[in-house]
Amino acid sequence: MKKYMKALGIGSLLLFAAACGNGEEQSSGDNSTSGGSSDGESAAQQEESHDLRLAHNLGEDHPVHKGLVDFKERVEEKSDGNMTVKIFPNGTLGSENEVLEQVQNGGIDMTKVSAGALENFASEYAVFSLPYVFEDEDHFFESMESDAVQELYEGTEEEGFIGVTYYDSGARSFYTQDTPIEHPDDLKGMKIRVMNSETQIDMVETMGGSPTPMPYGDIYTGLQQGVIDGAESNPTALTTGNHGEVAKAFSYDQHTRIPDIAVMSADTWNTLSENQQEIIKTSAEESTETQKEIWSEAVEEAKTEAKEMGVEFYEVDKEPFREAVEPMIEDYREDEAIADLLDEFESLR
């Protein structure tokens, strides 16, 4: 058995050894470390503090923003206030692409963007924008929480960012001024707003429509002025974006389930201690669970409110839409990384 005492005195170290029962002298070691926690001070408080900036383009009433607020609160609580998160909503620091570029160069610490925007920075993220990849909501959740997606999050460090979690953004469907889209043929000749995503453009073209990329904030006036005939999103767009005032036909084809992804600057991530990184990961995952519940309630509320606005919801046969995009899916399988992810998701059905 070893016993030791470290004492400072006139520049000398006094070493005391205690003999064991067999009389052999045991050497002693120094197990004290510099910078150890003082009484009453937590490990988190001993670490370097970080004031994180998180920007996104959604409003403060949006379920995803509420999920990010939950993330902020958890980080600050778990770190005993040693890490803070300041959220900049409403696109105040730029568009999704602009903010992502700022994250890449370390100008902003975090952002939340659609996976559709991420495909412009890391092509593998295109898998989430492919139509009918996910069978239903349960399949979507299981896929998003798989090891394959975790590896995807961690695989973009060289691009200047890493993924930390996802947020549910629902199933996306077509909505128009007054003409329901009940079959792919109904899209012919129609100008449909899409995100600035090659995958979304390809999807609408494959179905026979005319894709029109434009910022989310321009959809309302685009519909109102006839610049576009329709758009595609989830039911909350009808209320939070007031699109239900100018679009009265919502068709449940549910072609995609594109998640929102919270990402962090790789530079910022690498300045955090292991404990702080774990706080970020845990807080992010827990906020996702909170946001799922907020989202589910918001969709039901949006549908009720949209009906009061005069929006009519149409149930459609999804099979013709699935068949129309099969050639597109095969084309994207030529990318090995996307093909591997598609196979992984397929195995979870």
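As named in an unreviewed UniProt entry, the protein chain is Tripartite ATP-independent transporter solute receptor, DctP family, taken from Alteribacillus bidgolensis.

1. Quick look at the overall build of the protein chain
Along the protein chain, the regular secondary structure elements total 13 helices and 13 strands. Among the 349 residues that make up the protein chain, the fraction classed as buried is 48%. Across the protein chain, every contact between residues at least 6 apart in sequence was considered, and the portion connecting residues at least 24 apart equals 74%. For the protein chain, the computed accessible surface area is about 16,600 Å², with 43% contributed by carbon and sulfur atoms.

2. Description of unusual backbone geometry
Despite not being glycine, aspartate 80 has its phi angle at roughly 55 degrees, a positive value. Mapped onto the elements of the fold, aspartate 80 is located in the loop between helix H2 (63-78) and strand S4 (83-88). Residue aspartate 80 is classed as partly exposed on the basis of its relative accessible area, which comes to 43%. Even without a glycine there, the phi angle at tyrosine 132 is positive, about 60 degrees. Its location among the elements puts tyrosine 132 in the loop between helix H4 (115-118) and helix H5 (137-144).

3. Considerations on the packing of helix H7 (residues 198-207) against helix H12 (residues 319-332)
Running from amino to carboxyl end, H7 crosses H12 at an angle of 135 degrees, the nearest separation of the two axes being 9 Å. When the axis of H7 is compared with that of H12, the two are oblique. As H7 runs across H12, the sense of the crossing is right-handed. Taking contact as the criterion, the partners of Glu198, Thr199, Asp202, Met203, Thr206 and Met207 in H7 are, on H12, Phe321, Ala324, Val325, Met328 and Tyr332. Class assignment for the residues of the contact of H7 with H12 results in seven nonpolar, two polar and two charged.

4. Considering the sheet that holds strand S3 (residues 50-55)
Sheets are built from strands paired through backbone hydrogen bonds, the pairs being either parallel or antiparallel. Reading across from one edge, S4-S3-S5-S12-S6 is the order of the five strands in this open sheet, with mixed pairing throughout. The sheet terminates laterally at S4 and strand S6 (161-167), the two strands that pair on one side only. Across this sheet, the average inter-strand angle for adjacent strands is 25 degrees, counted without regard to direction. As paired elements, strand S5 (residues 110-114) and strand S12 (residues 260-265) share five bridges and run antiparallel to each other. Across the sheet, residue methionine 110 finds its bridge partner in S12, namely methionine 264. On top of the sheet, helix H6 (residues 147-154) reaches S6 and S12; it is set at about 140 degrees to S6, its chief contact.

5. Structural notes on the nonpolar core
Tyr125, Phe128, Phe174 and Ile261 are the most contacted members of the largest nonpolar core, which has 52 residues in total. Counting residues per element, this core draws most heavily on H12, which supplies five residues. With 21 residues, the next largest nonpolar core counts Leu68, Phe71, Leu272 and Ala284 among its residues.

6. Some points on the sheet that holds strand S9 (residues 210-213)
In space, the six strands of this open sheet follow the order S9-S8-S10-S7-S11-S13, with mixed pairing throughout. Across the chains shown, the open sheet's two edge strands, defined by having one partner strand only, are S9 and strand S13 (312-315). The average angle at which neighbouring strand axes cross in this sheet is 35 degrees, direction not considered.

7. Here's the deal with the packing of H2 against helix H11 (residues 274-308)
Packing of H2 against H11 leaves a shortest axis separation of 8 Å and a crossing angle of 150 degrees. Relative to H11, H2 is oriented roughly antiparallel. Of the two possible hands of crossing, H2 and H11 adopt the one that is right-handed. Where H2 approaches H11, its residues Pro63, Val64, Lys66, Gly67, Asp70, Phe71, Arg74, Val75 and Lys78 are matched on the opposing element by Ile279, Ile280, Thr282, Ser283, Ala284, Glu286, Ser287, Thr290, Gln291, Ile294, Trp295 and Ala298.

8. Notes on the environment of glutamine 150
With respect to the helices and strands, the residue glutamine 150 is situated in helix H6. Spatially, the C-alpha atoms of glutamine 150 and isoleucine 162 are 9.9 Å apart, while their sequence positions differ by twelve residues.

9. Details of the packing of aromatic side chains
On inspection of all chains with the given rule, the structure shows ten aromatic pairs. Aromatic side chains phenylalanine 134 and phenylalanine 345 sit 5.4 Å apart centroid to centroid with 40 degrees between the ring planes, which places their arrangement in the tilted category. Note that phenylalanine 134 is positioned in the loop between H4 and H5 and phenylalanine 345 in helix H13 (residues 336-347), a separation of 211 residues in sequence. Pairwise contacts between aromatic rings join Tyr125, Phe128, Phe134, Phe140, Phe141, Tyr166 and Phe345 into one cluster. Note that lysine 292 overlies the ring of phenylalanine 141, its terminal NZ or CZ placed 4.2 Å from the centroid.

Reading guide: rules and limits
Residues numbered from 1 in each chain as written. Predicted model: local features only at pLDDT ≥ 70, side-chain atom pairs only at ≥ 80, totals over all residues. Heavy atoms only, no water. Helix = DSSP H or I, 4+ residues; strand = E, 2+ residues; numbered from the N terminus. Buried < 20%, exposed > 50% of the residue type's maximum accessible area, 1.4 Å probe, protein only. Contact = heavy atoms within 4.5 Å. Areas by Shrake-Rupley, 256 points an atom, 1.4 Å probe, with all protein chains shown as cover. Axes fitted to C-alpha atoms, helices over the stretch in contact; angles between N-to-C directions. Parallel < 35°, antiparallel > 145°, perpendicular 65-115°, else oblique. Left-handed = near helix turned anticlockwise from the far one by under 90°. Nonpolar A, V, L, I, M, F, W, Y, C, P; charged D, E, K, R; others polar. Pairing = 2+ DSSP bridges. Core = buried A, V, L, I, M, F, W, Y, C linked by side-chain atoms within 4.5 Å. Phe/Tyr/Trp six-rings, centres within 6.5 Å; stacked < 30°, edge-to-face > 60°. Lys NZ or Arg CZ within 6 Å of the ring centre and 35° of its normal.

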